[in-house]
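Observations on the model geometry
Spelled out, the chains give:
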2 protein chains.
Amino acid sequence: MRVLVIGAAGMVGRKLVERLVVDGRLGPDAISQLSLVDVSAPDPVQAGFAVDSRAADLVEPGVAEALVAAQPDVVFHLAAVVSGEAEADLEKGYRVNLDAMRLLLDAIRGRGEGYRPRFVFTSSIAVFGPPFPDVIGDDQLTTPATSYGTQKAMTELLLSDYSRRGFLDGVAIRLPTLVVRPGKPNLAASGFFSSIIREPLNGQEAVLPVPTDVRHWFASPRSAVGFLLHAATLDTAALGDRRCLTMPGISATVAEEIEALRRVGGDEAVSRIRHEPDETIMRIVSGWPRAFDARRARDLGFRADADFDEIVRVYVEDELEP
Amino acid sequence: MRVLVIGAAGMVGRKLVERLVVDGRLGPDAISQLSLVDVSAPDPVQAGFAVDSRAADLVEPGVAEALVAAQPDVVFHLAAVVSGEAEADLEKGYRVNLDAMRLLLDAIRGRGEGYRPRFVFTSSIAVFGPPFPDVIGDDQLTTPATSYGTQKAMTELLLSDYSRRGFLDGVAIRLPTLVVRPGKPNLAASGFFSSIIREPLNGQEAVLPVPTDVRHWFASPRSAVGFLLHAATLDTAALGDRRCLTMPGISATVAEEIEALRRVGGDEAVSRIRHEPDETIMRIVSGWPRAFDARRARDLGFRADADFDEIVRVYVEDELEP
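A brief structural summary. Note that the structure is predicted; figures quoted are calculated from it, not measured. (Residues numbered from 1 in each chain as written. Chains lettered and ligands numbered in written order. Predicted model: local features only at pLDDT ≥ 70, side-chain atom pairs only at ≥ 80, totals over all residues.)

1. Considering helix H7 (residues 221-233) of chain B
Quick note on the threshold: Secondary structure elements are taken from DSSP: a helix is a run of H or I of four residues or more, a strand is a run of E of two residues or more, and numbering for both begins at the N terminus. In this analysis, the expected span of each helix is defined as 1.5 Å times one less than the number of residues it contains. Residues with at least 20 other C-beta atoms within 10 Å of their own are called buried, those with 12 or fewer are called exposed, and the rest are partly exposed. The C-beta atoms themselves are positioned from the backbone.
Along its 13 residues, H7 of chain B runs 19 Å from first to last C-alpha, staying within 8% of the 18 Å computed at 1.5 Å per residue. Every buried residue belonging to H7 of chain B is among Pro221, Ser223, Ala224, Val225, Phe227, Leu228, His230, Ala231 and Ala232 of chain B, and all of these are buried.

2. A short note on the relation of the copies chain B and chain A
The line we're drawing: Least squares is the method used to superpose the copies, on C-alpha atoms of residues holding a pLDDT of at least 70 in both. In this description, any two residues whose backbone-derived C-beta atoms lie within 7 Å of each other are considered to be in contact.
Mapping chain B onto chain A is achieved by rotating through 180 degrees and translating by 0.0 Å along the same axis, at an RMSD of 0.0 Å. Look at the turn and shift together and you get a two-fold axis relating the two. Both copies share a contact surface, since 93% of the interface residues of chain B are interface residues in chain A too.

3. Considering helix H8 (residues 254-270) of chain A
Residue and element names in this part refer to chain A. Test applied: Think of it this way: the bend at a residue is just the angle between two axes, each fitted to seven residues, one set ending at that residue and the other starting at it.
Across its 17 residues, H8 extends only 12 Å between first and last C-alpha, which sits more than 12% below the 24 Å expected from 1.5 Å per residue. Within H8, the axis deviates most sharply at valine 264, by approximately 110 degrees. Buried within H8 we find Val254, Glu257, Ala260, Leu261 and Ala269. Looking at the buried residues of H8, the elements they touch are helix H6 (191-201), strand E10 (206-208), strand E13 (250-253) and helix H11 (308-320).

4. Considerations on the packing of helix H6 (residues 191-201) of chain B against helix H8 (residues 254-270) of chain B
Residues and elements named next belong to chain B. This is how it is decided: Under this scheme, a helix contributes an axis fitted over its contacting stretch, all axes are lines through C-alpha atoms, and angles between N-to-C directions fall in the 0 to 180 degree range. When describing relative orientation, an angle under 35 degrees is termed roughly parallel and one over 145 degrees roughly antiparallel, while 65 to 115 degrees is termed roughly perpendicular and anything else oblique. Helix crossings fall into two classes, left-handed where the near helix is turned counterclockwise from the far one by less than a right angle and right-handed where it is turned clockwise. Residue type decides the class: Asp, Glu, Lys and Arg count as charged, Ala, Val, Leu, Ile, Met, Phe, Trp, Tyr, Cys and Pro as nonpolar, and the leftover types, Gly among them, as polar.
Here H6 crosses H8 at 25 degrees, and the two axes come no closer than 10 Å. Overall, the two elements H6 and H8 adopt an arrangement that is roughly parallel. Where H6 crosses over H8, the two elements pack in a sense that is left-handed. Counted together, Ile196, Ile197, Pro200 and Leu201 of H6 and Glu257, Leu261, Gly265, Ala269 and Val270 of H8 form the full contact between these two elements. Residues of the contact of H6 with H8, tallied by class, amount to 7 nonpolar, 1 polar and 1 charged.

Given below as structure tokens:
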């Protein structure tokens, strides 16, 4: 089985590749070739099968066609410009988040009738915009409040149409906000959800810019990899023409995050969180969803973390005690 | 006020232009310039203001920029590849129904900050796909069952995003199936809804390919023009960031259509309808919506025909007794 990972140098891409290397297979099939692509060439990896790695810009002429020339059986398309950048640079956002996807789908379509790969695409809960119900169901209308969410929602529609027409076998998974992200703090408005766990566990101070009753929707990076693998192997007959699935997750308040941190890191870790309200971040976060009833995905076998404690433990196991 | 009509040679475009010429104004503002565009140059019209007409293919380089160079205050974008053709020719459908719109929106964006025209776009109830509730509300998820519906749904998202970002002031109106269409029968699967009224009133036989209990959602072409004019002049502050509106209409069965025909044309007209079941058309039509509760649009002042009798009378008044 040949597997192509586009966006392999990102946080989720790297973890997916690690897992594929460890497993050596995807579902019942042994991996024979793993191709890694990102805007900068992903780090090479050692595996029990052939691995190639290259830098590529999907919107350059001929690049999408070259990437699918070897007719990979499964394509993971994780590459995206993130929310803040898509808002700051409109053209780049539409180019990377919409045009690149379309070029890729058209390149697959161009291979002809005998070729119909599984295509797994990471969408986002940013396809939804306020006002929200307390719990968002699978029939929630997509009314994105950002250009990023708009691009993801447009791409979901495209994927469903191309799947319906038989050009590929697509699954779009809407990821929760992933915590605890490893590495340094970043400037994303959602960054504090990770940093208030990560920094205290690493003996550093973290800033909390919102009240502790703020509620949001989370999954661990390990769960995200599980979602991707399941999306690559599930029986898509059950999806029908609706190829987009909101992934399960954990609805938790910041207070619940902090109590989970306390159970793992003790009062000392919690004492490293400094409350410093930030009006801008509070306003942004107030427009985010708080909870989902991801019934379709659960019925199809997608599984998230059991609770926020597990999310913290996953961080400790995967990043601090590797 | 300068007005640009793209798709001015189509059925709705011609009727919109006729109305603009008669009114001489759009809302409170007198029209100073009317520009008509279609793939073939629209017929010239005589008016109390300047009218220009040209053929243009929006996806050709520079065409979109040229069309908005005069900075029209209102743009009506009605041009589209219809459902059957978008399904038969995937590339043409995406090019005309998605790319052309995006080029147009980007050309407007490119004019700079001082320019923010009202942009009225004709979307379609084809953005919805089965399974449907009996009555579809304003919060129905868009799950198109065709490439045409997909393109319209993608374009709605783009219009909302560009409006939110302040590049233009967009309104997308989802038109009901328009009956009674003037002219010859066409090959559209929906054609019989018009022909079973039109042909009998013109002394000709019409074929009915579905059972009389089939229910669908209708408006007259005159109502469609009314929707366009209202969309061009309403206060969009009430729309917020959701720029797409399902238009009001009449939910009627074929039996109700036939009784309305009887009240206008008598038993003799009704006797000209020949029942000839067509499995293909029955299957297509079974995937179409039957009724909407278009509350948002009604609350914003959009008005449809009172009943199917009025739809038949509009045909008689506008087409047979002009």
